[in-house]
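Structural overview for review
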Amino acid sequence: MSEASRPIAVLGGTGPAGMGIALRWARAGETIIIGSRDAQRAQDAADKIADQIANQVKEKTGNHTRISGMENSAACAAADILVLTVPFEGQGALLKQLKPALRPGSILIDATVALAAGVGGRASRTLGVWQGSAAQQAAELVPKGVSVVAAFHNLSADLLNGDEDLDCDVIVCSDDASAAHLTRSLAAKIPGVRAIDGGKLENARILEQITALLIGLNIRHKGHGGIRITGLPPQAYD
Ligand SMILES: NC(=O)c1ccc[n+]([C@@H]2O[C@H](COP(=O)([O-])OP(=O)(O)OC[C@H]3O[C@@H](n4cnc5c(N)ncnc54)[C@H](OP(=O)(O)O)[C@@H]3O)[C@@H](O)[C@H]2O)c1
């Protein structure tokens, strides 16, 4: 299967984070499956993204967007690259439910942030997660042979759903070097994004804390802040 025709399933892709990532990758020519607890909601989100892209490109090339919608387990069964974009409070139960559909050899890219807002607290604070981070919790819940990668925590969904380049770095953490490499190559398909190897999955706890800080900054300064790392050599961004 060619790189762009291998499907990527975005679970919980009906929300702003998942839709924004799906939009950017569909624009880059990737084949996307939006996942949802409800198949019709997934298809509606896929249609919305396809329309958004078609409106931009129809005069030039016609609409060749490859995007569809499915219930989350059907989406898992149809793809080996999975992106998880659900609220932390639903992450554990969803992964337990999806376990039979997750195949060894798949990659689960987790963008979940354990925000205190999920339990009535502030969005600018994170919850303590027993395993260290939401991504490490995911790694405990997936079947053996599924690689978990933490990424995209620090990208604003508002910016992802727009048309401008992002001007942000994406730090990618995983214990599986090849899964992290693939994730970095996908991140770099988002215009303006540089992807950086952030080391082991345990560093995901820091990515989540940065999101909470960014949310606080965005509230205080009314913006859509992201991060840029300076001082690294060019080869750090592959
Ligand atoms: N928004 C951002 O800027 C941003 C940036 C970086 C990371 N994140 C992280 O990415 C994740 C998604 O963010 P979001 O803003 O897109 O969240 P969201 O809109 O609250 O949720 C995304 C989708 O998750 C599904 N969902 C909601 N509750 C669920 C549950 N209990 N069980 C299973 N699925 C559930 C829903 O899809 P269905 O109802 O269709 O199933 C929903 O559309 C969060 O963990 C967030 O912290 C967000």
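In this report, we go over the structure that sits alongside the text.

How each quantity is defined
Residues numbered from 1 in each chain as written. Predicted model: local features only at pLDDT ≥ 70, side-chain atom pairs only at ≥ 80, totals over all residues. Heavy atoms only, no water. Helix = DSSP H or I, 4+ residues; strand = E, 2+ residues; numbered from the N terminus. Buried < 20%, exposed > 50% of the residue type's maximum accessible area, 1.4 Å probe, protein only. Contact = heavy atoms within 4.5 Å. Areas by Shrake-Rupley, 256 points an atom, 1.4 Å probe, with all protein chains shown as cover. Lys, Arg positive; Asp, Glu negative; His and termini not counted. Charge placed at Lys NZ, Arg CZ, Asp CG, Glu CD. Salt bridge = Lys/Arg side-chain N within 4 Å of Asp/Glu carboxyl O. Pairing = 2+ DSSP bridges. Right-handed = clockwise from strand over helix to strand, strands pointing away. Axes fitted to C-alpha atoms, helices over the stretch in contact; angles between N-to-C directions. Phe/Tyr/Trp six-rings, centres within 6.5 Å; stacked < 30°, edge-to-face > 60°.

A few words now on the overall build of the chain. A tally of helices and strands in the chain yields eight helices and eight strands. The 238 residues of the chain split such that 49% are buried. Relative to all contacts within the chain whose residues are 6 or more apart in sequence, the contacts with residues 24 or more apart total 76%. For the chain, the accessible surface area stands at approximately 11100 Å², while carbon and sulfur atoms represent 54% of it. Averaging the locations of the 23 positively and 24 negatively charged side chains of the chain gives two centres separated by 3 Å.

Mapped onto the elements, Thr65 comes out in the loop between α2 (39–57) and β3 (67–71). The residues touching Thr65, leaving out its near neighbours within four places in the chain, are Ala26, Ala50 and Ile53.

A few words on the pattern of salt bridges. The full count for this structure, using the stated rule, is seven salt bridges. The partner of Glu30 in a salt bridge is Arg6, and the shortest N-O contact between them spans 2.9 Å. With Glu30 in the loop between α1 (16–27) and β2 (31–36) and Arg6 in the segment before β1 (7–11), this residue pair connects regions lying 24 residues apart in the sequence. Both residues of the pair, Glu30 and Arg6, count as buried. Between Asp163 and Arg27 there is a salt bridge, with the nearest N and O atoms lying 2.8 Å from each other. Residue Asp163 is found in the loop between α6 (157–160) and β7 (168–174), and its partner Arg27 is found in helix α1; the two are separated by 136 residues along the sequence.

The next subject is the pairing of strand β8 (residues 193–197). Bridging between β7 and β8 involves five bridges; their strand directions are parallel. Considered in β8, the bridge of Val172 is made with Asp197. Taken together, β7, helix α7 (residues 177–187) and β8 constitute a β-α-β crossover, and its handedness is right-handed.

Turning to the pairing of strand β6 (residues 147–150), a few remarks are in order. Here β6 shows no split at all, with Ser147 and Val149 on one side and Val148 and Ala150 on the other all buried. Bridge count for strand β5 (residues 107–110) against β6 is four bridges, and the pairing is parallel. Residue pairing for β6: Leu108 is matched across the bridge by Val148. The parallel pair β5 and β6 is bridged by helix α5 (residues 134–141), and the resulting crossover is right-handed. Here β6 runs beside β7; their pairing, made up of two bridges, is antiparallel. Its bridge partner being in β7, Val149 is matched across the sheet by Ser174.

So, on to the sheet that holds β8. Strands sit in the order β3-β2-β1-β4-β5-β6-β7-β8 across an open sheet of eight strands; the sheet is mixed. A single partner strand is all that each edge strand has here, and the edge strands are β3 and β8. Pairwise comparison of adjacent strand axes, ignoring direction, gives a mean angle of 25 degrees for this sheet.

This part takes up helix α4 (residues 88–98). Buried within α4 are the following residues: Phe88, Gln91, Gly92, Leu94, Leu95 and Leu98. Buried residues along α4 sit in contact with β1, α3 (72–77), β4 (81–84), β5 and α5.

Let us now look at the packing of aromatic side chains. Scanning the entire structure with this criterion turns up one aromatic pair. Ring centres of Trp25 and Phe152 lie 5.6 Å apart, and the angle between their planes is 75 degrees; this geometry places the pair in the edge-to-face category. Highlighted residues: Trp25 in helix α1 and Phe152 in the loop between β6 and α6, separated in sequence by 127 residues. The class for Phe152 is buried, based on a relative accessible area of 6%.

It is worth stressing that arrangement in space is one thing and function is another; only the former is reported here.
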